[in-house]
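# A look at the structure
This is what each chain is made of:
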Amino acid sequence: MKNRGIGKVSVIAVVSLFVAGAMSVTHVYPASDTKNVISWTNQRNRCSKKVNAVLNASCYSGSDIGAQIMTAKDSEDCAPSGCRIRIPVSRTCYQLSTHIVLDKYVMLEGDPSNSACLQYTGTSGSAITLDWGSSHHYGAGLRDLEILGKCATTACKGNTSVGIVVGLNNGAEGARIENVKVGGSGNGFYQGIALGNPYSFVVKIDHTSAFGNAYGFYQSSSQNNENIVWEGGCVCQNAYGTYLRGFGDFNFDHISFDDNTTAGQDFNGSLVVHDTAVHFENAGLGTGAFINSNGNTHLTINASSFTDDRTTGTSPYMVNYGGTDLQASGNTIGSAGITVATWINPTGGNTVSLVGNKVTNNVLADASGSWTGATFDCPVEPMDSTCLFRNYIISTNVGVNFIETSAPGSATGKDVCYGDTVAHQVKCSYNNGSFYSISQTIGSGTSTSNGTAIAPGTSQAQPAITVTGATTSDTAACSLNAPYPPSWQTGIVPLPPVVTANTVTPWLSNPTDRSIIPAATAIRCTVLR
């Protein structure tokens with residue numbers, strides 16, 4: 001063959017490669033260019049450990065993917081301060097027994113839709129620990145991963161495994177867990193995400209689900225963590241959605257707590273907890289006791305919804321509150337048919353502020369009287385007296401409930417009402433005045449007078465009016481439904497009506513010295529208590 005480019009004849013080396021799928025590709029190189037042939041072949045078989053500064057975990061040595069991640073993290077390819085390690089897509093879950101400890105700033109990532117899946121095969125210890133300490137560097141953590149365990153049920157018997165531990169020996173300031181699923185139906189952990197010691201803060205869990213675990217989100221009584229935020233995602237079908245003890249402040253935003261079988265949230269400690277735009281629901285698998293809160297917990301619930309989807313039966317409460325103070329505003333509460341005795345059940349010694357909440361559809365504000373012993377105040381402006389509601393919205397099958405207690409303090413410029421424990425009546429003080437009972441209308445009715453003569457100096461009973469519920473201790477007021485007839489204006493005097501059981505009897509008197517025939521006229525009487 002003549003080489004037109006250089007005017008020489010060269011021997012051509014032909015290299016054939018069989019490509020999967022019965023396709024043959026031929027690459028042609030000059031015979032003298034054996035280096036290119038070897039280089040091309042090596043490139044084809046080579047696993048690229050580092051591409052665009054991202055480490056490929058599967059290219060590093062190790063007994064399982066966990067060990068490979070640890071090798072990559074400890075290699076020279078990962079800077080002393082940290083690096084980004086990628087887990088390649090796999091059609092099946094990577095199985096690992098090796099505990100992954102990210103003790104420097106590493107972002108361990110997969111691909112969207114949880115196509116990178118890790119299944120921890122151990123029954124103790126943890127799959128992944130974030131533990132790089134506190135140097136005010138942010139951006140490390142986990143993203144785009146599915147992390148499964150070996151708990152077949154949320155009871156997790158004999159299994160104490162943890163999916164993710166945030167801070168074990170050094171803490172994990174600024175940790176971020178994003179687009180991660182921890183646990184699954186039949187593949188859960190004893191603890192999905194656990195906060196460890198020592199102190200970690202500014203931790204962000206974003207668009208992440210804890211599913212099918214004994215405890216979806218866990219902190220023990222000895223721990224203290226600051227400014228922990230979980231925003232977006234689903235904490236669903238765990239035994240406990242969140243189980244927090246110890247100290248710290250937590251913010252839950254735009255999360256669905258659905259079908260957790262024991263409680264959606266369970267708090268007991270010196271905690272500050274904010275629920276904002278949170279969705280609580282029992283779609284049939286879980287419990288209607290969405291929140292249990294005790295200890296020195298300060299809880300706010302804002303712009304959230306509570307829905308019990310069960311259609312029959314009864315439930316005692318949705319929120320069982322024994323903490324220090326609870327503020328709830330702008331929430332919507334309802335039931336598909338089950339009767340819920342009280343939305344919030346304060347267990348005593350706490351302060352509850354309710355502002356602009358809407359209770360509908362078979363959820364009673366406080367039918368059971370369980371609010372006795374709690375102190376309710378108005379958060380709009382300080383008050384030194386008890387205030388049950390401000391702008392509380394009541395809808396189907398509910399009512400406003402006043403606590404029965406001793407008289408609260410009154411103040412100038414304040415109108416204060418309460419339920420009296422002795423009189424069992426609502427009493428009010430207006431502008432620092434004395435407390436007096438508010439009259440209750442038992443009922444009313446109408447009858448037509450006799451229209452017969454009343455002798456001089458005598459009185460006459462008129463036809464009785466039935467008012468169901470009236471008792472002999474009640475009072476009544478009567479009036480005509482029209483102007484006094486002329487015959488009544490000649491001396492007839494209406495007497496106070498007589499109230500007996502379920503009955504009111506009007507009376508007319510003739511104090512004059514002559515007989516009078518008052519025309520038959522409609523008389524209306526109202527019974528008051």
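Structural notes, computed from the coordinates. The structure displayed is predicted, hence computed values, not measured ones.

### Overview of the overall build of the protein chain
- When helices and strands are tallied, the protein chain shows 2 helices and 43 strands.
- The 529 residues of the protein chain split such that 46% are buried.
- Here the analysis covers contacts within the protein chain between residues at least 6 apart in sequence; of these, 68% occur between residues at least 24 apart.
- Surface exposure of the protein chain reaches about 23,800 Å², of which carbon and sulfur atoms provide 51%.

### Points about the pattern of salt bridges
- Across all of its chains, the model carries 14 salt bridges by this definition.
- With a closest N to O distance of 2.9 Å, Arg 143 and Glu 109 form a salt bridge. Note that Arg 143 is positioned in strand β11 (residues 141-148) and Glu 109 in strand β8 (residues 105-109), a separation of 34 residues in sequence.
- For Arg 143, a relative accessible area of 30% gives the class partly exposed.
- On the basis of relative accessible area, Glu 109 is assigned to the buried category, the value being 4%.
- Taking the shortest distance from any N to any O, the salt bridge between Glu 146 and Lys 181 comes out at 3.6 Å.

### A short note on the state of the cysteines
- The final tally for this structure, using the stated rule, is 7 disulfides.
- A sulfur-sulfur distance of 1.7 Å marks the disulfide that ties Cys 47 to Cys 59. Taking the torsion about the S-S bond as the criterion, the Cys 47 to Cys 59 disulfide, at about -70°, is left-handed. With Cys 47 in the loop between α1 (34-45) and β3 (50-51) and Cys 59 in the loop between β4 (54-56) and α2 (65-74), this pair connects stretches of sequence that are 12 residues apart.
- Residue classification places Cys 47 among the partly exposed positions, given a relative accessible area of 40%.
- On the accessibility criterion, Cys 59 (13% relative accessible area) is buried.
- Disulfide partner of Cys 78: Cys 83, at an S-S distance of 2.1 Å. Judged by the sign of its S-S torsion, about -95°, the bond between Cys 78 and Cys 83 is left-handed.

### Describing unusual backbone geometry
- You will see that His 207, though not glycine, has its phi angle at about 50°, which is positive.
- When you line up the elements, His 207 lands in the loop between β15 (201-206) and β16 (209-211).
- Judged by relative accessible area, His 207 falls into the exposed class, the value being 54%.
- Positive phi is not limited to glycine here, since Asn 227 has a value of about 55°.

### A look at the sheet that holds strand β34 (residues 415-420)
- Strand order in the open sheet made by the 4 strands is β33-β34-β35-β36, with mixed pairing throughout. Single-partner strands in this sheet number two, and they are β33 (404-405) and β36 (436-437).
- Judged from the 2 bridges that link them, β33 and β34 form a sheet pairing that is parallel. Residue pairing in the sheet places Thr 405 in a bridge with Asp 420 of β34.

### What about the sheet that holds strand β40 (residues 475-480)?
- Pairing is antiparallel in the open sheet, where 3 strands are placed in the order β37-β43-β40. Strands at the two margins of the open sheet, each flanked by one partner only, are β37 (441-448) and β40. When the angles between neighbouring strand axes are averaged without regard to direction, this sheet yields 20°.
- In this sheet, strand β43 (residues 522-528) lies alongside β40 in antiparallel orientation, the contact comprising 6 bridges. By the bridge assignment, Ala 476 is partnered in β43 with Val 527.

### Re the pairing of strand β24 (residues 305-308)
- Judged by which residues are buried, β24 turns out to be one-sided: Phe 306 and Asp 308 face inward and are buried, whereas Ser 305 and Thr 307, on the alternate face, are not.
- Judged from the 4 bridges that link them, strand β21 (residues 279-282) and β24 form a sheet pairing that is parallel. Paired with Asn 282 across the strands is Asp 308, a residue of β24.

### Some thoughts on the packing of aromatic side chains
- Evaluated as defined, the whole model comprises 18 aromatic pairs.
- Considering the side-chain rings of Tyr 418 and Phe 435, the 5.2 Å spacing of their centres and the 85° angle between planes classify their relative orientation as edge-to-face. Of this pair, Tyr 418 sits in strand β34 while Phe 435 sits in the loop between β35 (426-430) and β36, and the two are 17 residues apart along the sequence.
- Three or more aromatic residues link up through ring pairs in this structure, and these residues are Phe 217, Trp 230, Phe 250, Phe 252, Phe 257, Phe 280, Phe 290, Phe 306 and Trp 343.
- Stacked on the ring of Phe 211, the Lys or Arg Lys 181 has its end atom at 5.4 Å from the ring centre.
- Here Arg 245 stacks its cationic end above the ring of Tyr 243, 3.7 Å away from the centre of that ring.

### Topic: the environment of Tyr 120
- Tracing the backbone through its elements, the reader meets Tyr 120 in strand β9 (residues 117-120).
- For Tyr 120, a relative accessible area of 5% gives the class buried.
- Put simply, Tyr 120 and Ser 161 are 41 residues apart on the chain and 8.7 Å apart in space, counted from C-alpha to C-alpha.
- Ignoring any residue separated from it by four or fewer positions in sequence, one finds Tyr 120 in contact with Leu 96, Ser 97, Gly 125, Ser 126, Ala 127, Leu 148, Gly 149, Lys 150, Ser 161 and Phe 189.
- Of note is the side chain of Tyr 120, whose polar atom sits 2.7 Å from the backbone oxygen of Ser 124.

### Considering the side chain of Asn 213
- Considering the arrangement of structural elements, one finds Asn 213 in the loop between β16 and β17 (215-219).
- Residue classification places Asn 213 among the buried positions, given a relative accessible area of 0%.
- Within the local environment of Asn 213, its side chain forms a polar contact with the backbone oxygen of Val 182, the two atoms lying 3.2 Å apart.
- Among the polar contacts listed, one links the side chain of Asn 213 to the backbone oxygen of Phe 211, at a separation of 3.3 Å.

### Brief notes about the environment of Ser 429
- Looking at the element boundaries, Ser 429 is found in strand β35.
- In this structure Ser 429 comes out as buried when scored by relative accessible area, which is 0%.
- For the pair formed by Ser 429 and Pro 408, sequence separation is 21 residues and the distance between their alpha carbons is 9.6 Å.
- Setting aside residues no more than four positions away along its own chain, Ser 429 makes contact with Ser 410, Lys 414, Asp 415, Val 416, Ser 434 and Phe 435.
- At a separation of 2.5 Å, a polar atom in the side chain of Ser 429 contacts the main-chain carbonyl oxygen of Gly 433.

### Observations concerning the nonpolar core
- Residues Leu 130, Leu 142, Val 166, Phe 217, Phe 252, Phe 306 and Trp 343 are the most contacted members of the largest nonpolar core, which totals 76 residues.
- A total of 5 residues in this core trace back to one element, the largest contributor, which is strand β19 (residues 240-258).
- Apart from the residues lying within four places of it in its own chain, the contact partners of Phe 306 are Phe 280, Phe 290, Ile 291, Ile 301, Met 318, Val 319, Thr 332, Ile 333, Gly 334 and Trp 343.
- Counting 15 residues, the second largest nonpolar core, distinct from the first, contains Ala 470, Ala 476, Ile 516 and Cys 525.

Basis of the calculations
Residues numbered from 1 in each chain as written. Predicted model: local features only at pLDDT ≥ 70, side-chain atom pairs only at ≥ 80, totals over all residues. Heavy atoms only, no water. Helix = DSSP H or I, 4+ residues; strand = E, 2+ residues; numbered from the N terminus. Buried < 20%, exposed > 50% of the residue type's maximum accessible area, 1.4 Å probe, protein only. Contact = heavy atoms within 4.5 Å. Areas by Shrake-Rupley, 256 points an atom, 1.4 Å probe, with all protein chains shown as cover. Salt bridge = Lys/Arg side-chain N within 4 Å of Asp/Glu carboxyl O. Disulfide = S-S within 2.5 Å. Pairing = 2+ DSSP bridges. Axes fitted to C-alpha atoms, helices over the stretch in contact; angles between N-to-C directions. Phe/Tyr/Trp six-rings, centres within 6.5 Å; stacked < 30°, edge-to-face > 60°. Lys NZ or Arg CZ within 6 Å of the ring centre and 35° of its normal. Polar contact = N/O pair within 3.5 Å; in protein donor to acceptor, adjacent residues only side chain to side chain. Core = buried A, V, L, I, M, F, W, Y, C linked by side-chain atoms within 4.5 Å.

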